[in-house]
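Here is how the chains run, residue by residue.
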Amino acid sequence: MLSKSQARTFFISGTLACAVAFVGLTLDTFRRIPAQTRAAAITPDVARGKELWDHNNCMGCHSLFGEGAYYAPELTKVYERRGESFIRGMLTDPEAMFKGQRKMQKYAFSEPDKAALVAFFRWTGQVDLNGFPAKPPLARQATPSRRDVPQPQIFGQLCIVCHSLAGQGGNVGPALDGVGNRRDAEYLRRWLRDPPAVKPDTRMPKLGLPDSQIDELVAFLEAQR
Amino acid sequence: MRYESQRIAWWFFATCMLLFGLQIVYGFIMAFAHTGHDGLHAFIPFHAARATHTNLLVMWLLCGFMGSAYFIIPEECETELVWPWLAKLQLAALVAVGVTAIIGFHFNWWEGRKFLEIPRPLDYLVVIDVLAFIANIGMTVWRGRRLTTTSMVLFFGLLMAALLYLPGMIPTNNQTIDSYWRWWVVHLWVEGVWELIMGGILAFLLIKLTGVDREVIEKWLYVIVGFTFLSGILGTGHHYYWIGTPRYWLVVGGVFSALEPVAFLGMAIYAISMARRGGRNHPNRVALQWSIGCAVMSFVGAGFLGFAHTLPQVNLYTHGTLITAMHGHMAFWGAYAMLVLAMIAYTLPLLTGRNLYDSTASVFAFWTANIGMIAMTLAFAVAGITQVVLERRLGMDFLQVQTEIQVHFWGLILAASLFTLGILAFIWVFIRSGWPVARVSAKGDASDVSALPLADQAVQGA
Ligand code: HEM
Ligand code: HEM
Ligand SMILES: [Fe+2]
C-alpha cells in the first residue's frame with residue numbers, strides 16, 4: 001500500500017514536472033504571439049483603444065475573444081460585421097440605434113477616442129484566434145436575391161442589425177423580404193435619406209448615408225420581391 | 001477552541017455573511033436586467049452590478065479562507081497566533097479596500113478585466129494586506145510546536161495564491177498577452193492553489209469530525225492535491241484555445257483539463273469514505289453535511305460541468321455563452337462557498353459557545369440552499385444550451401436570441417429566491433449564535449472526536 005512519504009513524493013515531483021513544462025510552453029507562446037496577433041499593427045491608436053476598453057469596463061457587458069460578460073454582443077469581429085459608421089453610432093448614442101432594447105451605457109467619447117476604439121476593433125478582428133468565432137454550421141445559406149442585384153456591403157453591416165433578410169438579421173425593424181412589393185424606388189429613396197421626415201415617430205434613425213450608397217440600396221431593396 | 005487568538009476567525013466569518021448577502025442582491029439585479037427589467041440602469045448599470053457581484057464573491061471567499069486559517073493554524077501548530085492585532089488590522093484594511101473598490105465601480109473607476117476589475121492602486125493595497133496575513137500565519141507556523149501536513153498544505157496554498165495575484169498586474173497593450181496573464185490568476189487560483197486550500201481545510205474538518213487517523217487523511221490529501229496540479233497546471237490551456245495563442249494549446253489544454261475532474265472525484269470519494277470509516281458520531285452533524293456536500297457538489301460543478309465544455313470541439317461553440325455562467329455558479333458554490341460555510345458551521349458553536357447545529361434553521365439552510373443552487377444551475381443550463389443552438393449553431397442574431405431566452409431568467413429568479421431563503425436561514429443561525437465568547441480549554445473541544453485520546457495525538461509532525 002502507498003505510504004505517506006511516497007504520496008508526498010508523487011505530489012512534489014508531479015507538480016514540479018508540470019510547472020516546468022508549463023513555463024516552457026509559456027516561453028514558446030510568447031515567442032509566437034507577436035506574429036499570431038500581428039503585434040506590429042498595434043499602433044498608439046489601438047493601444048489607446050484598449051485602454052478605453054479597459055477603463056470603461058466594456059467587458060462587463062460584452063465579450064472579446066469570447067471573454068467577458070454574456071449580456072451584450074461578442075465584439076471581436078464587430079468591425080467586419082458592422083463597419084466603422086455603425087460602431088461610431090453606438091459610441092455616440094446607443095439609444096438612437098436600438099431604441100427600447102437592452103441598454104448600453106451612453107458615453108461622452110471625443111472623436112479621437114471613438115477613432116481609437118474603432119482602430120482597436122479593427123485590430124482584434126485580425127488576430128488569428130484558431131477559428132473562433134466559428135461560422136454557424138447550421139445557418140441557412142442566404143438566398144441570392146431575384147434579378148441578381150448584388151447585396152451592397154453596407155446592407156450586410158448596417159441594415160442587417162435591425163432588419164432580417166431570409167431569416168438572418170435583427171428584429172428591431174420589419175423583415176425586408178419582399179419589400180420591393182410594398183414600396184417603390186421613390187419611397188425607398190426618401191425613406192433612406194431621412195426616415196423621421198417620412199414618419200415622425202419612427203424608430204429607424206437617420207443614418208446619414210451618401211447618395212451613392214442610397215442608390216445601391218434602393219436598387220437592391222426594389223429587387224426584393 | 002484551545003487558543004485565545006482563534007476567536008479572531010469570528011470577525012472574518014461575520015464579514016463573509018455580510019458580503020455574501022450583498023453579493024446575492026447584485027445577482028438579482030443582473031437576473032432582472034436579463035429579463036428586460038433594467039430600471040436601475042441609470043444608477044447600477046449591468047457592468048457595475050457584475051463587477052460588484054463577482055468581486056464580492058472573491059472577497060468573501062478570501063475572508064473565509066483567512067478566517068479559517070486563523071482558526072486552523074493555531075490549533076494545528078499548538079500555539080497562539082503571533083500577532084493577533086495584525087489580524088484585526090488586516091481585516092479592517094481589507095474591508096476598507098473592498099468597499100472603496102465597490103463604490104468606485106459605480107463611478108466608472110476600474111480596470112475592466114473580468115474578475116480583476118479592482119483598479120491598480122487598490123491592487124497594491126490588496127497585495128500588502130495579503131502579505132501581512134501570510135506573514136502572520138507564516139510566523140505562527142514557524143514558531144509552532146507541531147508541523148502538520150494539513151497546516152503546511154493550507155499555508156502553501158495561501159502563499160501561492162498571494163504570489164499568483166502578481167502576474168495579473170503585468171502591464172501590456174496586447175489583448176492576447178493581457179488575457180494570457182489574467183488566466184494565471186483566475187485559472188491557477190480556482191483550479192490550482194485554491195484546491196490546495198480546499199484540501200487543507202477539508203482535511204482539518206474531516207480529522208475533527210470523523211476521527212479517522214490523521215496519517216491516513218493526510219496521505220490521501222497528498223494524492224489528491226498531486227492530481228490537482230498534474231492536471232490543473234497544464235489544464236490552463238483550456239483558456240488558451242481562442243485568444244490568439246498557438247494552436248498546440250488545443251491539444252495540451254484539451255488533454256490535461258479533461259483529467260481535472262479526477263482530482264474532484266478523488267476529493268468526493270475521499271470525504272465520503274473517511275466519513276464512513278470514522279464511525280464515531282460528532283454531534284455537529286450539519287458541519288459534516290456541509291463538508292461532504294462541498295466535496296460532492298464541487299465534483300458536480302467543477303468536475304462534471306467543467307468537463308462538459310472543456311474539449312476544444314465543444315468549447316468552440318460554448319465559449320463565452322451562458323454555459324460558462326452555469327458552470328461558474330455551481331463550481332464556485334460547491335468548491336469554495338460550501339467550503340467556507342462548512343468551516344463556519346463547524347467553528348460557530350466553538351467560537352460562541354452556543355450549539356445551534358441541530359436547530360431546524362441549520363438543517364433547512366443546508367438543503368434549501370443546495371436545492372436552490374441546483375435549480376439555478378438548471379435554469380442557466382437551459383438558457384445556455386438554447387443560446388448555443390440558436391446563436392452559435394443556427395446563426396441567429398445575438399439580441400434576438402436574448403429575447404428568446406428571457407423566460408429562463410424568470411426561472412433563474414425563482415430558483416435564486418429559494419437559494420436565498422437557504423442563505424438567509426444560515427445567516428439567521430449565525431446571528432442567533434451571538435458574539436464570540438466561548439472560553440478556551442486546554443484540552444480542546446469536548447465534542448471533537450479527535451479530542452478523544454488516540455485519534456489526533458497519535459501522530460505528531462508530517
Ligand atoms: C472549483 C473549480 C472551478 C471553478 C470555481 C471554476 C469557475 C469558472 C469560471 C468562473 C469560469 C469563467 C471564467 C472567465 O470567463 O473569466 C470558468 C471557465 C471555464 N471552466 Fe471552470 N471552474 C472550475 C473548475 C473547472 C474544471 C475542473 C474544468 C474542466 C474540467 C473547468 C472548465 C472550464 C472551461 C473550459 C472554462 C471556459 C469557458 C469558456 O470558454 O467560456 N473548470 N470556470
Ligand atoms: C442567488 C442569486 C444569484 C443570482 C440571481 C445570480 C445571477 C448571476 C448573473 C445574472 C450573472 C451574470 C451573467 C452574465 O454575464 O450575463 C452572474 C455571474 C456570476 N455569478 Fe451569480 N448569481 C447569484 C448567486 C451567485 C452565487 C451564490 C455565486 C457563487 C457561489 C455566484 C457566482 C457568479 C459568478 C462566478 C459569476 C461570473 C460567471 C461567469 O463569468 O461565467 N453567483 N450571476
Ligand atoms: Fe480553467
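Residues numbered from 1 in each chain as written. Chains lettered and ligands numbered in written order. Predicted model: local features only at pLDDT ≥ 70, side-chain atom pairs only at ≥ 80, totals over all residues. Heavy atoms only, no water.

A. Representation of the coordination of the iron ion (ligand 3) in the model. Residues and elements named next belong to chain B. Coordination of the iron ion (ligand 3) by the protein involves H187 (ND1), E191 (OE), H238 (NE2) and H239 (NE2), with metal-donor separations of 2.1 to 2.2 Å. Of note is the iron ion (ligand 3), whose 4 donor atoms meet at the metal with angles of 85 to 145° in an arrangement that counts as irregular. One chain supplies every donor for the iron ion (ligand 3), spaced along it as H-x3-E-x46-H-H. A separation of 4.3 Å is found between the iron ion (ligand 3) and the iron atom of ligand 1. Remark: E191 and H187 occur in helix α6 (residues 175-210); sequence separation between them is 4 residues, near one turn of the helix. By relative accessible area, which is 1% here, H187 ends up buried. (Donors = N, O, S within 2.8 Å, 3.2 Å for Na, K, Ca; no water. Tetrahedral: all angles 85-135°; square planar, octahedral: opposite > 155°, others 65-115°. Helix = DSSP H or I, 4+ residues; strand = E, 2+ residues; numbered from the N terminus. Buried < 20%, exposed > 50% of the residue type's maximum accessible area, 1.4 Å probe, protein only.)

B. Quick look at unusual backbone geometry. With an omega of -10°, the peptide bond between A:F132 and A:P133 qualifies as cis. The backbone phi angle of A:N130 is positive, close to 55°, even though this residue is not glycine. With respect to the helices and strands, the residue A:N130 is situated in the loop between α5 (111-126) and α6 (153-162). You can call A:N130 buried: its relative accessible area is 7%. Its identity as a non-glycine residue notwithstanding, B:N108 has a phi of 60°, on the positive side. You can see B:N108 is positioned in the loop between α3 (84-105) and α4 (120-143). Note on B:N108: relative accessible area 34%, which makes it partly exposed.

C. Examining the packing of aromatic side chains more closely. Overall, the coordinates contain 49 aromatic pairs over all chains when judged by the stated rule. Measuring from centroid to centroid gives 5.8 Å for B:Y180 and B:W181, while their planes differ by 90°, and the two rings are edge-to-face. Classification of B:Y180 as buried rests on a relative accessible area of 0%. A connected cluster of aromatic rings, assembled from ring pairs, spans A:F22, A:F30, B:Y180, B:W181, B:W184, B:Y240, B:Y248 and B:W249. Above the plane of the ring of A:F86 lies A:R82, whose end atom (NZ or CZ) is 5.6 Å from the centre. (Phe/Tyr/Trp six-rings, centres within 6.5 Å; stacked < 30°, edge-to-face > 60°. Lys NZ or Arg CZ within 6 Å of the ring centre and 35° of its normal.)

D. Quick peek at the pattern of salt bridges. Throughout the structure, instances matching the rule amount to 29 salt bridges over all chains. Taking the shortest distance from any N to any O, the salt bridge between A:R48 and A:E51 comes out at 3.3 Å. Here A:R48 pairs with A:E51, and both are found in helix α2 (residues 44-55), just 3 residues apart, close to one helical turn. For A:E51, a relative accessible area of 40% puts it in the partly exposed group. Residue B:D178 pairs with B:R113 through a salt bridge whose shortest N-O separation is 2.8 Å. One end of the pair, B:D178, is in helix α6; the other, B:R113, is in the loop between α3 and α4, with 65 residues separating them in the sequence. On the basis of relative accessibility, which here comes to 7%, the residue B:D178 falls in the buried class. The class of B:R113 is buried, set by a relative accessible area of 7%. (Salt bridge = Lys/Arg side-chain N within 4 Å of Asp/Glu carboxyl O.)

E. Local environment of the domain arrangement of chain A. Along its sequence, chain A is organised into domain 1 (11-37), domain 2 (42-126) and domain 3 (153-222). For domain 1 of chain A versus domain 3 of chain A, the distance between C-alpha centres works out to 52 Å. (Domains from an automatic or database assignment.)

F. Local environment of the interface of chain A and chain B. Across the boundary between the two partners, chain A contributes 70 residues, which contact 78 residues of chain B. Carbon and sulfur atoms make up 62% of the area that chain A and chain B hide from each other, which totals about 6700 Å². Among the residues chain A hides against chain B, the three largest losses belong to A:K4, A:F22 and A:Y70. Together they make up 14% of the total. Scanning the region where chain A abuts chain B turns up 6 salt bridges. A salt bridge links A:R82 to B:D397; its shortest N-O distance comes to 3.9 Å. Residue contributions to the side of chain A that touches chain B peak at 19 residues, all from helix α1 (residues 4-36) of chain A. Across the side of chain A that touches chain B, the residue classes tally to 38 nonpolar, 21 polar and 11 charged. (Contact = heavy atoms within 4.5 Å. Buried area = accessible area lost by both parts, 1.4 Å probe. Nonpolar A, V, L, I, M, F, W, Y, C, P; charged D, E, K, R; others polar.)

G. View of the site of ligand 2. In the region of ligand 2, 26 residues are neighbours, and A:Y70, B:H34, B:R50, B:H53 and B:H329 sit closest. Chains contributing residues to the immediate surroundings of ligand 2 are chains A and B. Take B:R50: an N or O atom from its side chain is 2.8 Å from an oxygen atom of ligand 2. When contributions to the shell around ligand 2 are tallied by element, the ones reaching two or more residues are α1 (9-34), α2 (46-77), α11 (322-352), α12 (360-393) and α14 (406-433) of chain B. Looking at which element gives the most residues to the shell around ligand 2, the answer is α1(B), with 8 residues. Of the residues assigned to the shell around ligand 2, the class counts are 17 nonpolar, 7 polar and 2 charged. (Near = heavy atom within 4 Å. Polar contact = N/O pair within 3.5 Å; in protein donor to acceptor, adjacent residues only side chain to side chain.)

H. Region of the structure containing the coordination of the iron atom of ligand 1. Counting protein donors around the iron atom of ligand 1 gives one, B:H327 (NE2), at 2.0 Å. Mapped onto the fold, B:H327 is located in helix α11.

I. Structural context of the environment of A:V179. Residue and element names in this part refer to chain A. If you trace the backbone, V179 turns up in helix α7 (residues 179-182). Take V179: its relative accessible area is 5%, and that puts it in the buried class. Taking C-alpha positions, V179 is 6.9 Å from E222, a pair spaced 43 residues apart along the chain.

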